[in-house]
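One letter stands for each residue in the lines below.
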Amino acid sequence: MKSLGGKLKTAREGKDVDLDQASKDTKISMRYLQALENEDFSGFPGETYITGFLRNYGSYLALDVKELLSLYRALKLQEQPIPVEQLLRPPSLLPKIAVIAAIVLATTGICIGIFSLAARPKVPKADAPAPKVPVAYTMSGDNFEHRFYKGDSILIPVVSESSAADHIKLELLHLGEAVTIHTPGGSVILDLSQEANVDLDNNGMNSLRISAIDYAKNNADMGVLLRFELLSSLAAVVETIPAEMTAITGQSVSTVIFTSPNPYHFTLQSSFQGYCMFRWEILMERDRRERNERYFQRTDELNIQAQNGIRIWVSNAQAAKFQVIGGGRTVPVEIGNAGEVVVADIRWVRDEDNRFRLIVARLET
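Note that the structure is a prediction, hence the values are computed from the model and not measured. (Residues numbered from 1 in each chain as written. Predicted model: local features only at pLDDT ≥ 70, side-chain atom pairs only at ≥ 80, totals over all residues. Heavy atoms only, no water.)

## Focus: the overall build of the chain
The secondary structure content of the chain amounts to seven helices and 20 strands. Taking all contacts inside the chain whose residues are at least 6 apart in sequence as the whole, residues at least 24 apart take part in 58%. Accessible surface computed for the chain: about 20,800 Å², of which carbon and sulfur atoms make up 53%. (Helix = DSSP H or I, 4+ residues; strand = E, 2+ residues; numbered from the N terminus. Contact = heavy atoms within 4.5 Å. Areas by Shrake-Rupley, 256 points an atom, 1.4 Å probe, with all protein chains shown as cover.)

Written out as structure tokens, the structure reads:
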């Protein structure tokens, strides 16, 4: 019988996908997928993350999720061995005596019950338990994580000057095959371990991220563990630069891609025109700091998503065509000349007027 990690790895290799592609498809960090295949659960934030990621990864690989969870629970039990002193202790006669006494008492109780049942007055059936009363939460910081049930709601603070309200209400509408959340802009539908960005005040920019961390499909009684995170908090980690955008130490700005009052998620889309080595690294994101490196050839494509920035290294700057997608726009980006080795950052920066710009900044090589 294969181990938990062996089943996951064999199924992934059977689909002919690597960990990088599986991470993109499932929206789960590659280091967590590798940890599941290695049966190393020490790096997960908590038990709900392990079971949630395991359900999502198992569904992606078309495996029996219940069997995977059983294998995981068996592993956890193996980590709790019986103390040696209990194994060496001679067996006690008390359990046998207790069993005999229990049988005698049970037999006596059955006889008494039979005779008394006829004389017992009929008791009306208890009323069904009262339905769960929806709970209204209020988010006071930059993030909020809690288990929600159908009808529960949350008030999200809005700091935009264009919004007349101080808070905007979101409500959990439905729990079935997916999670459905009502927002002012319409319903948001999430699968397990998925996340979505929401424009709360209809200003054209996403200001809230919602993540479905853990839930059991078609079992509304279990609820769903949701995480809400204000994207405006990203501003605290964005670098400040002069308004004229002329110089950053060790860097030169070649292109300003987007300008915005607030930073938002973007995607770097790469279409390779020829053979080259390409490396990339997500900037300022704790869970995705590992460096990736691959050889690409003609017709290959790659999409990289980030919220703060991406550092890229390409052995031939004209071997790939780049474009940045974000805020409902797509902008082509040039980073260098044919045959040129280029290292560059595509990142959000903040000018002296507290506006944000997504730039291409070439690094000195």
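Alright, that's what it looks like, and here's the rest.
## Here we look at the pairing of strand 15 (residues 301-306)
The two faces of a sheet get side chains in turn, since along a regular strand they alternate between them. Residues Leu302, Ile304 and Ala306 of strand 15 are buried on one face, while the alternating residues Glu301, Asn303 and Gln305, pointing to the opposite face, are not. Relative to strand 15, strand 12 (residues 266-272) runs antiparallel, the two being bridged by six bridges. Each bridged residue has a counterpart across the sheet, and for Ser271 the counterpart in strand 15 is Glu301. (Buried < 20%, exposed > 50% of the residue type's maximum accessible area, 1.4 Å probe, protein only. Pairing = 2+ DSSP bridges.)

## A closer look at the sheet that holds strand 5 (residues 179-183)
Spatially, 1-3-4-5-6 is the arrangement adopted by the five strands of the open sheet, whose pairing is mixed. Unpaired on one side and paired on the other, strand 1 (136-138) and strand 6 (186-190) mark the two borders of the sheet. On average, each strand axis in the sheet is tilted by 25° relative to the strand beside it, whichever way the strands run. Bridging between strand 5 and strand 6 involves five bridges; their strand directions are antiparallel. Across the sheet, Thr180 pairs through a bridge with Ile189, a residue of strand 6. (Axes fitted to C-alpha atoms, helices over the stretch in contact; angles between N-to-C directions.)

## Remarks on the nonpolar core
Membership of the largest hydrophobic core comes to 31 residues, with the highest contact counts inside it found for Phe278, Ile310, Ile312, Val324 and Ile335. For this core, the secondary structure elements donating two or more residues are strand 11 (251-260), strand 12, strand 13 (276-283), strand 15, strand 16 (309-314), strand 17 (320-326), strand 19 (342-350) and strand 20 (356-363). Setting aside residues no more than four positions away along its own chain, Ile312 makes contact with Leu268, Phe278, Arg279, Trp280, Phe322, Ile335, Val342, Val343 and Ala344. In this structure, Leu4, Ile28, Leu54 and Tyr60 belong to the second largest nonpolar core, which totals 29 residues. (Core = buried A, V, L, I, M, F, W, Y, C linked by side-chain atoms within 4.5 Å.)

## Overview of the packing of aromatic side chains
Under the defined criterion, the tally for this structure stands at 20 aromatic pairs. Ring geometry for Tyr137 against Phe144: centres 5.7 Å apart, planes inclined by 45°, an arrangement best described as tilted. Across this residue pair, the class does not change: Tyr137 and Phe144 are buried. Seen in terms of ring centroids, Phe258 and Tyr264 are 6.1 Å apart; in terms of plane orientation they differ by 35°. Their pairing is tilted. Judged on exposure class, the residue Phe258 and its partner Tyr264 are both buried. A connected cluster of aromatic rings, assembled from ring pairs, spans Tyr32, Phe41, Phe44, Tyr49, Phe53 and Tyr72. One Lys or Arg, Lys15, reaches over the ring of Tyr60 and ends 4.9 Å from the middle of that ring. Against the face of Trp313 rests Arg279, its NZ or CZ located 4.1 Å from the ring centre. (Phe/Tyr/Trp six-rings, centres within 6.5 Å; stacked < 30°, edge-to-face > 60°. Lys NZ or Arg CZ within 6 Å of the ring centre and 35° of its normal.)

## Structural notes on the confidence of the model for the chain
For the chain, the average pLDDT comes to 80, and 75% of its residues sit at 70 or higher. Within the model, the stretch residues 233-250 combines pLDDT values under 50 with 42 contacts to residues more than four positions away or in other chains. (pLDDT = per-residue confidence, 0-100.)

## A few points about the pattern of salt bridges
Evaluated as defined, the whole model comprises 16 salt bridges. The partner of Asp20 in a salt bridge is Arg294, with the nearest N and O atoms 3.6 Å apart. With a gap of 274 residues between them, Asp20 in helix 2 (residues 19-26) and Arg294 in strand 14 (residues 291-296) connect regions that are remote in the sequence. One network of salt bridges, with partners in common, ties together Asp20, Lys24 and Arg294. (Salt bridge = Lys/Arg side-chain N within 4 Å of Asp/Glu carboxyl O.)

## Some thoughts on helix 3 (residues 30-37)
The buried fraction of helix 3 amounts to six of the eight residues, a majority that puts the element mostly inside the structure. Taken as a whole, helix 3 has its buried residues at Met30, Tyr32, Leu33, Ala35, Leu36 and Glu37. Along its buried surface, helix 3 packs onto helix 1 (4-14), helix 2, helix 4 (47-60) and strand 14. Phi turns positive one or two residues past the end of helix 3, at Glu39, with a value near 55°.

## A short note on the sheet that holds strand 12
The pairing of strands in a sheet happens through backbone hydrogen bonds and is either parallel or antiparallel. Ordered by their spatial adjacency, four strands build an open sheet running 15-12-17-18, and the pairing between neighbours is antiparallel. Taken across any chain shown, the strands that pair with only one partner, and hence form the sheet edges, are strand 15 and strand 18 (329-333). Between one strand and the next, the sheet's axes are offset by a mean angle of 20°, whatever the strand orientation. In terms of strand pairing, strand 17 meets strand 18 through five bridges, oriented antiparallel. Paired with Val324 across the strands is Val331, a residue of strand 18.

## Quick look at the side chain of Ser270
Structurally, Ser270 is set in strand 12. Non-local contacts of Ser270, meaning those with residues more than four positions away in its chain, are made with Phe278, Asp300, Glu301, Leu302, Asn303, Lys321 and Phe322.

## Focus: the packing of helix 1 against helix 5 (residues 65-78)
Two elements in contact, helix 1 and helix 5, have axes whose closest approach is 9 Å; the angle formed by their N-to-C orientations is 145°. Between helix 1 and helix 5, the residues in contact are Leu4, Lys7 and Leu8 and Glu67, Leu68, Leu71, Tyr72 and Leu75, respectively.

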